Amino acid sequence: MGRCRARRRTGPKTQAGGGSPGSGRGCAPEAGQAQVSGRGTGSSVNLPRVAGLLQPLAQDLWIQRGPLRHLGVEYGRVGCLIRLRGGDLVLITPGPLRPDLAAEIAALGPLRHLVANNLFHNLFLSDWLAAFPGALCHAVPGFQGRYGLRVDRELGTAAPDGRWAEALQELPVEGMPKVGEWLLLHRPSASLIVGDLLFNLPAPRGWREAAMQRLLGLWGGPARGRRYPGFVSDPRAFEASLERALKAGFERLIPAHGEPIEAGAMAALRRVWRLPAG
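Residues numbered from 1 in each chain as written. Predicted model: local features only at pLDDT ≥ 70, side-chain atom pairs only at ≥ 80, totals over all residues. Heavy atoms only, no water.

A. Summary view of the overall build of the protein chain. Along the protein chain, the regular secondary structure elements total seven helices and 13 strands. For the protein chain, buried positions account for 50% of its 278 residues. Within the protein chain, counting contacts between residues at least 6 apart in sequence, those at least 24 apart form 59% of the total. For the protein chain, the accessible surface area stands at approximately 12,700 Å², while carbon and sulfur atoms represent 51% of it. (Helix = DSSP H or I, 4+ residues; strand = E, 2+ residues; numbered from the N terminus. Buried < 20%, exposed > 50% of the residue type's maximum accessible area, 1.4 Å probe, protein only. Contact = heavy atoms within 4.5 Å. Areas by Shrake-Rupley, 256 points an atom, 1.4 Å probe, with all protein chains shown as cover.)

Written out as structure tokens, the structure reads:
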């Protein structure tokens, strides 16, 4: 989901992973080091460690939650952080950038890869690219032309190295070109990471949000929303793509908006998109 209004948080000017506070000097950071700026006094300070911004789901897999509100509904933004063999980190669909979050990520290892897995997930990516200029940007075909952001590799092309291919399987969703969705299967944890293919929003707060969830088709657990079936221009190609993802096998589904589905994930995907029983 794109073009939404996020509640932004500001923090002190920081430089995580390198440089001395207040030195006024510096050089281009290495890959995995962050340059995170906020409204402040113009000085650099060390980032405070604030635990708990990353929620572990499995070995070498965390999620990052951030606010994202649209049409009176709190969609949230859920980013996935993956640690590859050797320690490099991959952040998929990043949410709002916070200095304390950047510090928590840096404590886990160097952030080498940023991923936008559909054509709508541009909202926070530029902030992360600026903060981690040494990280490679992986995006879906057409993303660079639409937003003008730096893209180092398109999903579906040769993997950057064997560690990436060992951990992540890239699965295109065909027949929905306006969304341009790609699914990423984290092989070690059997977790399917999706963008806007499926929503699993938390319970609404108040009757107004409940009414909007119902109106948008996002009420009551895993859902696809009322507008997304209209993006499918080739139903056969679309359904074949989902069947390939189901054949790959997964136990957990992590949407970019809402709560992870920890049980019955494949059945939920079939039910939401009304696929025949496998």
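B. Layout of helix α7 (residues 265-272). Where α7 is concerned, the buried positions are A265, A268, L269, R270 and V272. R274 sits one or two residues past α7 and shows a positive phi near 55 degrees.

C. Local environment of the packing of aromatic side chains. Applying the stated rule across the entire model yields seven aromatic pairs. Each ring, one from Y228 and one from F231, has its centre 5.2 Å from the other, and the planes form 65 degrees; the classification is edge-to-face. The pair formed by Y228 and F231 is uniform in burial state, with each residue classed as buried. Residues F238 and W273 carry aromatic rings whose centres are separated by 4.8 Å and whose planes lie at 65 degrees to one another, so their mutual orientation is edge-to-face. Placement of F238 in helix α6 (residues 235-248) and of W273 in the segment after α7 is noted, with a sequence separation of 35 residues between them. Across the pair, W273 and F238 agree in class, each one buried. Three or more aromatic residues link up through ring pairs in this structure, and these residues are Y75, F120, F199, Y228 and F231. (Phe/Tyr/Trp six-rings, centres within 6.5 Å; stacked < 30°, edge-to-face > 60°.)

D. Representation of the pairing of strand β11 (residues 182-186) in the model. The element β11 is largely enclosed, with a buried count of five among its five residues. Here β11 shows no split at all, with W182, L184 and H186 on one side and L183 and L185 on the other all buried. Pairing between strand β10 (residues 168-172) and β11: five bridges, direction antiparallel. Residue L171 lies in a different strand from β11, and its bridge partner there is L183. Here β11 pairs with strand β12 (residues 191-193) via three bridges, running antiparallel. Within the sheet, the bridge partner assigned to H186 lies in β12 and is S191. The loop that links β11 with its antiparallel partner β12 comprises four residues; one of these, A190, has a positive phi angle of about 55 degrees. (Pairing = 2+ DSSP bridges.)

E. Up close: the sheet that holds strand β9 (residues 153-154). Spatial strand order, β1-β2-β5-β6-β7-β8-β9: seven strands in an open sheet with mixed pairing. The sheet terminates laterally at β1 (54-58) and β9, the two strands that pair on one side only. Both strand β6 (residues 89-92) and strand β7 (residues 111-116) contribute to a ladder of four bridges, which runs parallel. Of the residues in β7, the one forming a bridge with I92 is V115. Against the sheet, helix α1 (residues 99-108) touches β1, β2 (61-66), β5 (77-83), β6 and β7, its axis set at about 40 degrees to β1. (Axes fitted to C-alpha atoms, helices over the stretch in contact; angles between N-to-C directions.)

F. Region of the structure containing the confidence of the model for the protein chain. Mean pLDDT for the protein chain: 82, with 81% of residues reaching 70 or above. Taken together, the stretch residues 2-51 has pLDDT below 50 and engages in 89 contacts with residues farther than four places along the chain or on a different chain. (pLDDT = per-residue confidence, 0-100.)

G. Representation of the sheet that holds strand β13 (residues 252-254) within the structure. Ordered in space as β10-β11-β12-β13, the four strands form an open sheet in which the pairing is mixed. The open sheet has two edge strands, β10 and β13, and neither has a second partner. Adjacent strand axes in the sheet meet at a mean angle of 25 degrees, parallel and antiparallel pairs treated alike. Here three bridges tie β12 to β13, and the two strands are oriented parallel to one another. Its bridge partner being in β13, L192 is matched across the sheet by L253.

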